[in-house]
Structures are given as C-alpha cells and as structure tokens.
Number of protein chains: 2
Amino acid sequence: MLETGLQSLPNLTVQQLEYLVAATDHPTRAAAAATLGVTPSALTQGLAELERRVGLPLFERHGRHTELRHQATEVLTHARRVVAETRDLARWAAAQRSGSAGVVRLGTIDAVAVQHRAEAIRAFHSNHPEVDLHLTVAPSGSLLEGLVGGDLDLIVCVEPVRASEGVAFTHCFDEPLHVYAPEGELRRPPSQWGPWVTFPSDSHTRAVIASGLANAGAPFDVVAESNQPEVLREMVRLGLGWTVLPPVAGTTAGSGMAAARSEPVAHRHLVVGRREGSPPDPAADALAVVLIGPGAGR
Amino acid sequence: MLETGLQSLPNLTVQQLEYLVAATDHPTRAAAAATLGVTPSALTQGLAELERRVGLPLFERHGRHTELRHQATEVLTHARRVVAETRDLARWAAAQRSGSAGVVRLGTIDAVAVQHRAEAIRAFHSNHPEVDLHLTVAPSGSLLEGLVGGDLDLIVCVEPVRASEGVAFTHCFDEPLHVYAPEGELRRPPSQWGPWVTFPSDSHTRAVIASGLANAGAPFDVVAESNQPEVLREMVRLGLGWTVLPPVAGTTAGSGMAAARSEPVAHRHLVVGRREGSPPDPAADALAVVLIGPGAGR
DNA sequence: GTGTTAGATTCAGAGATACTGAAATAATAG
DNA sequence: CTATTATTTCAGTATCTCTGAATCTAACAC
C-alpha cells in the first residue's frame, strides 16, 4: 500500500498529448487539426490547456507558424511515449473484447483434460492461437476453490452435492461409474461388496460413489484412498479392495481387475463452472462453448 | 510527418489512471478516495468512466469489496507507468519553472567569454549546477543569427548598427577601442593613420571602428582581415598595418605594437540579446541577470 | 433470525471543461 | 496595398466530473 503522494499530478489527457504530437508532426496546425478531426480552434485551446497544466510555455511563435521550444522536447517525448502506449493498450483491449486474444485459466479434473475434452481443448488451442490458455488439472474441490478465489476463470468438475456460492454451473455430460473388483472375487451380491479403495473423503466423485453404493445396498468401508484413478486400479489389481471408477478402455480383460456387474452403480455429473456475476470474458466464453457443446467431445 | 492513424484513441486522463492505481493499492475504495482527496462517489464514477473508455470491465465484485480482474493487470501496468512518468514530468516542469534546472544555450563574443564575463559565467555555473549551460563563442553576427534561428537562448554581442527584428537588447557595458600601430610608426596625425588590419566587413565591431575613425578624420583602407584579435595583433607586430582593438593587459610595452594615442577612438557597446516575445525562461533569466548586473563582471 | 453499521453505488444538480462556428488578428503572397 | 490564408479569440452549447444526499448491499452484532 504505497502512499501516492499528496502533490496532485497535472491531469493531462491522452487527447492533449495527441494534440501536441500532431502539432509537432504537421507543418501547420490546420493540417494537424484536420488529421485529428477537430477544428483548428479546438487544437489551439487544447494546446493552451496543456501548457497551463504542465505549467510551462511549450511553443514559440516564429512569424505565422508556432514552433516547439527546445525546452519542451521533454514534454514531447513524454507525449509520444504515452500516446504510443495508449495505442498499444487500445489494440490489446480490442483483441480482448473480440475474444481473439486474452488469458483463460482453465481447470479440469484429470479425466476431462486427458480423455473426454482433450480434443476440444486441443482444437480450441489451435483455432485461437492468440488466446493464452493455462490448464490446471486438479480434483474438483480444488478447482472450485481456485474458481471462487479468482485463480481460475473456467473449470470442468464433478457437480458438487451442495451448490457452491457464487458459482454458475452448466451441465456438460454424465459419466457412468462402474464397480471393479480384483479378479476372482466377482458375482457377489452387493451386500458383500468391498472393502473399498477410493477417492479421499473430500472428493466430489466419492460422494457420488457413496450415494450410489448406498442405493445399491452395498456397504462402504474404505481401506485405502488416492486421488489418482491409476493408483486405485493398481490397488485393486494387488487385491487390496474394490473400487468404483469410470470405465477405461483396455481395463476390463485380463488385467487383474474386472467389472462386478455390467450396469453402472452411479453417474457423476460433469459441469462447467464460471464465477457468478463475472464480467463478460469473450475468450473464456468461446472456450466454454466448445467444452459444453454437444459436438465438442469425441 | 507520420500519419497518426484514424482510429481515435480512448481519451484516458492521468486522473483516471491515478484512480485505478489508488483503488488497487488500498484495501477499500473509501481509503483510496481519501488519499486522493475526493469523495468515494467521485472515485466510483471515475473508475466506471475509465472502464467505459478502455472498453473492458476491470473489476469484479467479491462481496463488498471489488477486486481487479486478472485480465486488467495490463491496464494497471499501463496506469502505473503513465502515472510514474507524469510524476517525473511534473517534477521536471517544477524545476524548469523555478529556474533551478533547464538548458540555456548562451552565445558570446570571445572577449566576453574569456575576459569580461568569464568570472560571472563560472560563478553561475557553480551556483546552478542543475542548469545545463551550453556556451558558443562566435562573432556577433553569427550569434544574432543563432538567436533568431532558435539555436541560442541568450547572447552577449556587440550592439548592431541596425536594430534586429525580433530581438530585445539590454545594455551590458561599453568597451573602449584604441588605435594600435607597429612600433616606430607612432605620433602621426590621424589623416596619416593606416593602412589597417581589422575585422571582416560583416563584423559589428568593424562598423563601430569605421565610424570612429571617420569621426577622428582618419582614412580606413583595409589590407588584411581576421575575426581573431590575436591574429590582428600579430599582423601589426609584423608591420602589415595598424589596427583598432580593445586594450589588453601586457600588450602595450615592448611587444612590437603600441597605442597610437591614449584616448580611445571609439567605444563598442556590448549588449545582452534575447528573442523578443519569447516565453519566460527562468534559467535564462537568472543568467541574463548576472551577465547584465553591475557586480557581474570581474 | 433481526438490527446495525460501514462500504459502495446511484442520482440530481452545480461547476468546470471542451467543442463548434463566427469574428478578429496576424502574416504571407501577389 | 490588397487578397488570402493561418491562427487565435470569443460566445454559446454540449459534455463531463465533481459534491452531497439517498439508496443499496454485505458484514457484523445480538
């Protein structure tokens, strides 16, 4: 929290600095005024106001055409710099507005980034090369925190059981969750399923799993936890317990684990989350469209 | 003559950028408004206007206190830079105004820089270390050209016979001009003086000399010319002719030349010249004072 | 829950500011 | 000297920006 200082700065405007630049770049003020699209009168008054605010005389009259004082070159340099910087800023803002440029900080859970929306993200990246896309892969809870904390602009996560404050969700797609057991332990009734290796207790997916297992009449005693699906699969292969996961190609046959039944025990709802009441962000909007859109996933 | 481009830039004001900086540097807008010395209302409206001109939303409301969007850091960076540059400019302008800094391009004839005002110039230089003093030594005619052409700010020269357009002269001091002859040619009546070695025909001093010699009843046939007094003296010593010069210590005795009579044949008027109607220049004013002032010389 | 308080915004009006167009001034060209 | 053109000054209008009051909202106390 820096003290800004009590001496009030002169309230120079970009327009006045443009006037100065134009006046020095054109032989006559009439020409300068014409390119600026104002009357010579406006130019005269604007430059007079600038002189008043800087507190120094900037021009010297030589006959008919006024010339910049050599002492005023400092002011002219300042004017050129500020005008150029403002022009850059205006260009940048225009790009931001049109969505053709900008920064989007996207967060997704692993399955979305690696599997379901990998192609959509890749396509967006190549279709919008000017958009600086930052991808964070994390569990849904962390994503949600990042979103409300302002560290992320857009997330794809598992719909939380309790609606979060200040976050707007849009449904994206549903993903079936199947029960997997170590090979050789299949075909038991649900009441004898388990014990379980699954996601940590703060996991949204775990809440969905718990609810699904309860509906199926299965117990839910957890003996091991991990956020990584691959770790869970390995634990199952090692015979530590059962798990519930989305189906993965090539996981079902001869790999030490198999689906306990063909129907999923639950579905997790994948949603796109945005901060509620956040100002329009064209780049993030464009990305959200391809993430939600029906033809977006493969 | 660069084309400034037809897209009109947003007319951002330094004040609006200050608002932005203050708003991000203070936890609450009330505090920011207080340090700026305006009401919170003004701050709100000013920031809203800034958003409108940039064309992008800059803030995001989190509960009670609004926070800068991360996308707006570009704008904030711009604001900080411009505010800092403007503060520098204001400081520089204040120094210029007070005369404690600045650039003064002084032009004098040789005798003034080397002899009559050498001490005054040296003292000014050490008393005003922040003033960047450029000294040009040249004949009066060149000095006058430089002054009206804008290459010099202040000159000390021989008063021209015809008042120059657009130049304001202030009397500085008078300098006697004596007739010097080669040793052994003294004590002739003026009608037999000469021939002469003297300044070139465009010299102001030569005009004064010509007039003085005419008054004394002496002829004025010139056989050699130079702008440098030392060259003229050497020519006299070599017996090429007579000359008229200001007295120089140590020149009178046993050096091959001597004064033809004790009274000066003319006086040249040294004046300080400024461009007429030139805007106030405190640094040049201060220097002019010590050059003119009665206690200024050695 | 409700009430209170402080921060932030909105609104209306006063004052400052910046523009246009007309008139006046100054300087160059014929 | 006159005509022409560049520039400035002036008056009036439109816009902008401020203050102060009212309103709204979120956080806090009870």
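Residues numbered from 1 in each chain as written. Chains lettered and ligands numbered in written order. Predicted model: local features only at pLDDT ≥ 70, side-chain atom pairs only at ≥ 80, totals over all residues. Heavy atoms only, no water.

## What to know about the overall build of chain A
Line of reasoning, step 1. Each helix and strand in chain A was counted, giving ten helices and eleven strands.
Line of reasoning, step 2. Here the C-alpha radius of gyration of chain A, 31 Å, is well above what a compact globule of 298 residues would show, namely 19 Å.
Line of reasoning, step 3. The C-alpha extent of chain A, read off along each of the three principal axes, is 105 × 40 × 30 Å.
Line of reasoning, step 4. Looking at chain A as a whole, 46% of its 298 residues qualify as buried.
Line of reasoning, step 5. Long-range contacts, defined here as pairs at least 24 residues apart, represent 74% of the contacts in chain A between residues at least 6 apart.
Line of reasoning, step 6. For chain A, the accessible surface area stands at approximately 14,000 Å², while carbon and sulfur atoms represent 53% of it.
Line of reasoning, step 7. Considering chain A, the positive charge centre built from 25 side chains and the negative charge centre built from 32 side chains are found 6 Å apart. (Helix = DSSP H or I, 4+ residues; strand = E, 2+ residues; numbered from the N terminus. Rg over C-alpha atoms; globule rule 2.2 N^0.38 Å. Buried < 20%, exposed > 50% of the residue type's maximum accessible area, 1.4 Å probe, protein only. Contact = heavy atoms within 4.5 Å. Areas by Shrake-Rupley, 256 points an atom, 1.4 Å probe, with all protein chains shown as cover. Lys, Arg positive; Asp, Glu negative; His and termini not counted. Charge placed at Lys NZ, Arg CZ, Asp CG, Glu CD.)

## Things to note about the protein's contact with DNA strand D
Line of reasoning, step 1. Residues in contact with DNA strand D amount to 22 residues; listed here are only the nearest, Thr44(A), Arg64(A), Tyr19(B), Thr39(B) and Ser41(B).
Line of reasoning, step 2. A distance of 2.9 Å separates a phosphate oxygen of DNA strand D from a polar backbone atom of Arg29(A).
Line of reasoning, step 3. Interatomic distance of 3.2 Å between a side-chain N/O atom of Gln45(B) and a base oxygen of DNA strand D.
Line of reasoning, step 4. Going through the elements one at a time, helix H2 (29-36) and helix H3 (40-54) of chain A together with helix H1 (14-25) and helix H3 (40-54) of chain B are the ones with two or more residues in the surface near DNA strand D.
Line of reasoning, step 5. If you tally residues by element for the surface near DNA strand D, the top one is H3(B), at five residues. (Near = heavy atom within 4 Å. Polar contact = N/O pair within 3.5 Å; in protein donor to acceptor, adjacent residues only side chain to side chain.)

## A word on the interface of chain B and chain A
Line of reasoning, step 1. At the interface, 51 residues of chain B touch 51 residues of chain A.
Line of reasoning, step 2. Here chain B meets chain A over a buried area of about 4,800 Å², counting both sides, of which 58% is carbon and sulfur.
Line of reasoning, step 3. Taken together, chain B and chain A are joined by six salt bridges.
Line of reasoning, step 4. In this structure, Arg69(B) and Asp281(A) form a salt bridge, with 3.8 Å as the shortest nitrogen-oxygen distance.
Line of reasoning, step 5. If you list the elements that add at least two residues to the side of chain B that touches chain A, you get H1, strand E1 (59-62), helix H4 (73-98) and strand E3 (102-108) of chain B. (Buried area = accessible area lost by both parts, 1.4 Å probe. Salt bridge = Lys/Arg side-chain N within 4 Å of Asp/Glu carboxyl O.)

## Brief notes about the relation of the copies chain B and chain A
Line of reasoning, step 1. Once turned by 179° and shifted 0.1 Å along the axis, chain B lies on chain A with an RMSD of 0.3 Å. The operation mapping one copy onto its partner corresponds to a two-fold rotation axis. In terms of proximity to the rotation axis, the leading residue of chain B is Thr13(B), whose C-alpha is 2.2 Å off the axis.
Line of reasoning, step 2. Interface overlap between copies is the fraction of interface residues in one copy that are interface residues in the other; for chain B against chain A it reaches 100%, indicating a shared surface. (Least-squares fit on C-alpha atoms with pLDDT ≥ 70 in both.)

## Brief notes about the protein's contact with DNA strand C
Line of reasoning, step 1. Residues in contact with DNA strand C amount to 21 residues; listed here are only the nearest, Tyr19(A), Thr39(A), Ser41(A), Arg29(B) and Ala30(B).
Line of reasoning, step 2. Backbone atoms, meaning sugar plus phosphate, form 63% of the atoms of DNA strand C positioned within 4 Å of the protein.
Line of reasoning, step 3. At 3.0 Å, a side-chain N or O of Ser41(B) approaches a base oxygen of DNA strand C.
Line of reasoning, step 4. At 3.5 Å from a base nitrogen of DNA strand C is found a side-chain nitrogen or oxygen belonging to Gln45(B).
Line of reasoning, step 5. At the level of elements, helix H1 (14-25) and H3 of chain A together with helix H2 (29-36) and H3 of chain B are the ones that each hand at least two residues to the surface near DNA strand C.
Line of reasoning, step 6. Considering each element in turn, the surface near DNA strand C owes the most residues, five residues, to H3(A).
Line of reasoning, step 7. For the surface near DNA strand C, the per-class residue count stands at five nonpolar, eleven polar and five charged. (Nonpolar A, V, L, I, M, F, W, Y, C, P; charged D, E, K, R; others polar.)

## Thoughts on the pattern of salt bridges
Line of reasoning, step 1. Enumeration according to the criterion identifies 32 salt bridges over all chains in this entry.
Line of reasoning, step 2. A salt bridge links Asp153(A) to Arg105(A); its shortest N-O distance comes to 2.8 Å. One end of the pair, Asp153(A), is in the loop between helix H7 (140-148) and strand E5 (154-158); the other, Arg105(A), is in strand E3 (residues 102-108), with 48 residues separating them in the sequence. Of the two residues, Asp153(A) and Arg105(A), both sit in the buried class.
Line of reasoning, step 3. Between Arg52(B) and Glu49(B) there is a salt bridge, with the nearest N and O atoms lying 2.3 Å from each other. Remark: Glu49(B) and Arg52(B) occur in helix H3; sequence separation between them is three residues, near one turn of the helix.
Line of reasoning, step 4. By relative accessible area, Glu49(B) is classed as partly exposed at 23%.

## Focus on the packing of helix H6 (residues 118-127) of chain B against helix H10 (residues 282-292) of chain B
Residues and elements named next belong to chain B.
Line of reasoning, step 1. Put simply, H6 and H10 touch, their axes get as near as 9 Å, and they point 145° apart. Crossing of H6 against H10: the hand is right-handed. Contacts between H6 and H10 involve Ala120, Ile121 and Phe124 on the former and, on the latter, Ala283, Ala286, Leu287, Val290 and Leu291.
Line of reasoning, step 2. Each residue belonging to the contact of H6 with H10 can be placed in one class, and the counts come to eight nonpolar, no polar and no charged. (Axes fitted to C-alpha atoms, helices over the stretch in contact; angles between N-to-C directions. Left-handed = near helix turned anticlockwise from the far one by under 90°.)

## What about the domain arrangement of chain A?
A common measure of how large an interface is: the accessible area buried when the components associate.
Line of reasoning, step 1. Domain parsing of chain A yields domain 1 (14-98) and domain 2 (103-298).
Line of reasoning, step 2. The gap between the C-alpha centroids of domain 1 of chain A and domain 2 of chain A is 58 Å. (Domains from an automatic or database assignment.)

## Looking at helix H7 (residues 140-148) of chain B
All names here are of chain B.
Line of reasoning, step 1. Ser140, Leu143, Leu144, Gly146 and Leu147 are the residues of H7 that are buried. Projection of H7 onto a plane perpendicular to its axis shows the buried side chains occupying an angular sector of 160°, all on one side.
Line of reasoning, step 2. In this structure, the buried residues of H7 make contact with E3, strand E4 (131-137), strand E5 (154-158), strand E6 (167-182), helix H8 (204-216) and strand E11 (266-275).
Line of reasoning, step 3. Phi turns positive, to about 85°, at glycine 150, one or two residues after H7. (Arc of directions from axis to C-beta.)

## Observations regarding the pairing of strand E11 (residues 266-275) of chain A
All names here are of chain A.
Line of reasoning, step 1. Across the ten residues of E11, eight count as buried, placing the element largely inside the fold.
Line of reasoning, step 2. Where E5 and E11 come together, four bridges link them in antiparallel fashion. For cysteine 157, the partnering residue across the bridge sits in E11 and is valine 271.
Line of reasoning, step 3. Inspection of the sheet shows strand E6 (residues 167-182) paired to E11 by ten bridges, in the antiparallel sense. The residue bridging phenylalanine 173 from the neighbouring strand is leucine 270, located in E11. (Pairing = 2+ DSSP bridges.)

## Re the packing of aromatic side chains
To describe a pair of aromatic rings, one takes the distance between the centres and the angle between the planes.
Line of reasoning, step 1. Under the definition given, this model contains six aromatic pairs over all chains.
Line of reasoning, step 2. A centroid spacing of 6.2 Å and a plane angle of 35° characterise the contact between Trp193(B) and Trp242(B), whose relative ring orientation is tilted. Remark: Trp242(B) occurs in the loop between helix H9 (229-237) and strand E9 (243-245) and Trp193(B) occurs in the loop between E6 and strand E7 (196-198); sequence separation between them is 49 residues.
Line of reasoning, step 3. The class for Trp193(B) is buried, based on a relative accessible area of 4%.
Line of reasoning, step 4. Of the residues examined, Trp242(B) reaches a relative accessible area of 0% and is grouped as buried.
Line of reasoning, step 5. Measuring from ring centre to ring centre gives 6.3 Å for Trp196(B) and Phe220(B), while their planes differ by 55°; the resulting arrangement is tilted. In this pair, Trp196(B) sits in strand E7 while Phe220(B) sits in the loop between H8 and strand E8 (222-225), placing the two residues 24 residues apart along the sequence.
Line of reasoning, step 6. Its relative accessible area of 26% is what places Phe220(B) among the partly exposed residues.
Line of reasoning, step 7. Clustering of aromatic rings is evident, with ring pairs tying together Trp193(A), Trp196(A), Phe220(A) and Trp242(A).
Line of reasoning, step 8. Taking NZ or CZ as reference, Arg29(B) lies 4.6 Å from the ring centre of Phe59(B), over its face. (Phe/Tyr/Trp six-rings, centres within 6.5 Å; stacked < 30°, edge-to-face > 60°. Lys NZ or Arg CZ within 6 Å of the ring centre and 35° of its normal.)

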